[in-house]
Amino acid sequence: MAWWERAEGEIRVLIAPDHGPAGGSAGQLLSLRHPKSGFSTTYLVIDGALQELNWFKQPYGSWFLGDYVCEDGGLYLSTPIDPVFVLLPIFDDARSKKGEDPGKFRQIEEVIFVEGHPGYQYLLSLVKKHMPLVCDVKEVGSMKFFRLNDTKVLSWLCIKVNRVIDSLLKLSNNYAAQDEKQTLCDAVSIVGEYLKDETWLKLLCNHLRLDLEELNRKAVGTEAVPSAPDNAIGFSPIEESAGTDKKKAPSNGRQVKKMKEEKDSHNIKDMFSRATRRSGLIGGDC
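Presented here is an overview of the structure given in this document. Residue positions are given per chain, counted from 1 along the sequence in the order it is written. Two thresholds apply to this predicted model, a pLDDT of at least 70 for residue-level local features and 80 or more for giving and counting side-chain atom pairs, whereas whole-chain, interface and lining totals are computed over all residues. Values reported for side chains reflect all heavy atoms of the structure, with hydrogen atoms and water molecules removed beforehand.

## Points about the overall build of the protein
Runs of E in the DSSP output that reach at least two residues are strands. Runs of H or I that reach at least four are helices, and both are numbered from the N terminus. Across its full length, the protein carries 9 helices and 12 strands. In the protein, buried positions account for 40% of the 286 residues. Here the analysis covers contacts within the protein between residues at least 6 apart in sequence; of these, 67% occur between residues at least 24 apart. Working note: accessible area of the protein is about 16,200 Å², and carbon and sulfur atoms make up 50% of it. Classification of residues uses two cut-offs on accessible area relative to the type maximum, computed with a 1.4 Å probe and protein chains only: under 20% is buried, over 50% is exposed, and between them is partly exposed. By the convention used here, residues are in contact when the closest approach between their heavy atoms is within 4.5 Å. Where accessible areas are quoted, they stem from the Shrake-Rupley method and a 1.4 Å probe; at the residue level, only the protein chains shown are allowed to cover.

Here is the structure:
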């Protein structure tokens, strides 16, 4: 029996990190809220790192996988994303901040319990590792309590913006030739794709003395790399509740093998445009 005959649901092409010869823990697809839109989006956790899935698709195309033809010519590419971006919204909600009141301290288990999104519970180790960068932490006995700190978040965001600027200058001489303020706006716009306007992006723009409305107007005309929404790759993220593992059944049946003549094929590099340079710019640790 060929490998495609054993596959459940439709087959998609995903480029993701390899475990290597030593092998590692199996990757898990999780349904989490997008940090800017709040919409359910599919992420990948593999080898202790969080990856976002970017989706590229030409109007017409297929993939040739050995003797198998995958009709869906879309490409899913996982790129590193700093988990702090994804965790900021739920930590902001958890502290219940009102006005000048800094809010309440919460246990991690309380914060990552998000109704309808059990995938956050898989991020426990990442929370412990990364969130002290932007949170005040109190220890009571063996328990730790976290509360988001606006000053720490702002400092962390400024570091991210500076790193994006450095990356842009290395990517193209055009950035080195243009005005420094314009490069700063471009960097803030890229970081802003993962921030809510009325909270962190506004705070960042005020600190850097940039006009948020002008920044948003310029961002409207830029080409962004689309993220993969839930179920976009033909199978559902892992969902867990009350210690029970459960995987949704694919909505479509098994794809039938089809042999087609290879005609007008394109190199995989043709799938990428200048916009793809944005993906991966905000990944990594501070």
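Anyway, onward from the coordinates.
## Side note on the sheet that holds strand β10 (residues 143-148)
One requirement defines pairing of two strands: DSSP has to find at least two bridges between them. Read across the sheet, 3 strands follow the order β8-β10-β9 without closing on themselves; strand pairing throughout is antiparallel. Of all strands in the sheet, those with a lone pairing partner are β8 (106-107) and β9 (135-140), marking the two edges. Here β8 pairs with β10 via 2 bridges, running antiparallel. Its bridge partner lying in β10, glutamine 107 is registered against phenylalanine 145. Contacting β8, β9 and β10, helix α2 (residues 83-94) crosses the sheet at an angle of about 100 degrees to β10. Inter-axis angles, ranging from 0 to 180 degrees, are taken between N-to-C directions of lines fitted to C-alpha atoms, where helices are fitted over the stretch in contact.

## Considering the state of the cysteines
Note on terminology: pairs of cysteine sulfur atoms within 2.5 Å are recorded as disulfides. Enumeration over the complete set of coordinates arrives at 0 disulfides. Free of any disulfide, cysteine 205 has its nearest neighbouring cysteine sulfur in cysteine 185, separated by 8.1 Å.

## What about the packing of aromatic side chains?
Paired rings are identified among Phe, Tyr and Trp, the last through its six-membered ring, by centres lying within 6.5 Å, and are further divided according to the angle between planes into stacked (under 30 degrees), edge-to-face (over 60) and tilted (the rest). Considering all chains together, one arrives at 5 aromatic pairs under this definition. Centre to centre, the rings of phenylalanine 91 and phenylalanine 146 are 6.4 Å apart; their planes meet at 75 degrees, and the pair counts as edge-to-face. Remark: phenylalanine 146 occurs in strand β10 and phenylalanine 91 occurs in helix α2; sequence separation between them is 55 residues. In terms of burial, phenylalanine 91 and phenylalanine 146 fall into one category: buried. Each residue in the set Phe85, Trp156 and Tyr194 is aromatic and connected to the rest through ring pairs, giving one cluster.

## Examining helix α7 (residues 180-192)
Here α7 contains 13 residues, and its C-alpha end-to-end distance of 18 Å stays within 8% of the 18 Å for a straight helix at 1.5 Å per residue. Within α7 the residues assigned to the buried category are Thr183, Leu184, Cys185, Ala187, Val188, Ser189, Ile190, Val191 and Gly192. Here the expected span of a helix is defined as 1.5 Å times the quantity of residues minus one.

## Examining the pattern of salt bridges
Think of a salt bridge as a Lys or Arg side-chain nitrogen and an Asp or Glu carboxyl oxygen that are within 4 Å of each other. Under the definition given, this model contains 11 salt bridges. The closest approach of N and O atoms between aspartate 82 and lysine 160, which form a salt bridge, is 3.0 Å. Of this pair, aspartate 82 sits in the loop between β7 (75-80) and α2 while lysine 160 sits in helix α5 (residues 150-171), and the two are 78 residues apart along the sequence. Using a relative accessible area of 1% as the deciding quantity, one classes aspartate 82 as buried. We classify lysine 160 as buried; its relative accessible area is 2%. For glutamate 110, the salt bridge is made with arginine 106, and the minimal N-O distance between the two is 3.9 Å. Residue arginine 106 is classed as partly exposed on the basis of its relative accessible area of 22%.

## Here we look at the nonpolar core
For soluble globular proteins, nonpolar side chains are generally found buried alongside one another. Residues belong to one nonpolar core when they are buried, are Ala, Val, Leu, Ile, Met, Phe, Trp, Tyr or Cys, and are joined through side-chain atoms within 4.5 Å. In this structure, Phe91, Leu123 and Met131 are the most contacted members of the largest nonpolar core, which totals 53 residues. Per element, the largest residue contribution to this core is 9 residues, and it comes from α5. Ignoring any residue separated from it by four or fewer positions in sequence, one finds phenylalanine 91 in contact with Val111, Val127, Met131, Cys135, Phe146 and Leu148. Listed in part, the 8 residues of the second largest apolar core include Trp4, Ile11, Tyr68 and Leu75.

## What about the side chain of threonine 183?
For threonine 183, the location among the structural elements is in helix α7. Note on threonine 183: relative accessible area 4%, which makes it buried. Apart from the residues within four sequence positions on either side, threonine 183 is in contact with Ile165, Leu168, Tyr175 and Gln178.

## Some words on the pairing of β9
In this sheet, β10 lies alongside β9 in antiparallel orientation, the contact comprising 6 bridges. Directly across from lysine 138, in β10, lies its bridge partner phenylalanine 145. Following β9, the chain reverses through 2 residues before pairing antiparallel with β10; glycine 141 in that reversal takes a positive phi of roughly 65 degrees.

## Some remarks on helix α8 (residues 197-208)
Considered for burial, the residues of α8 that qualify are Trp200, Leu201, Leu204 and Cys205. All buried residues of α8 lie within an arc of 125 degrees about the axis, which places them on one face of the element. Residues of α8 that are exposed and point over 90 degrees away from its buried face: Glu198 and Asn206. Directly beyond the C-terminal end of α8, a positive phi value near 60 degrees is found at arginine 209. The arc in question is formed by the directions pointing from the helix axis toward the C-beta atoms.

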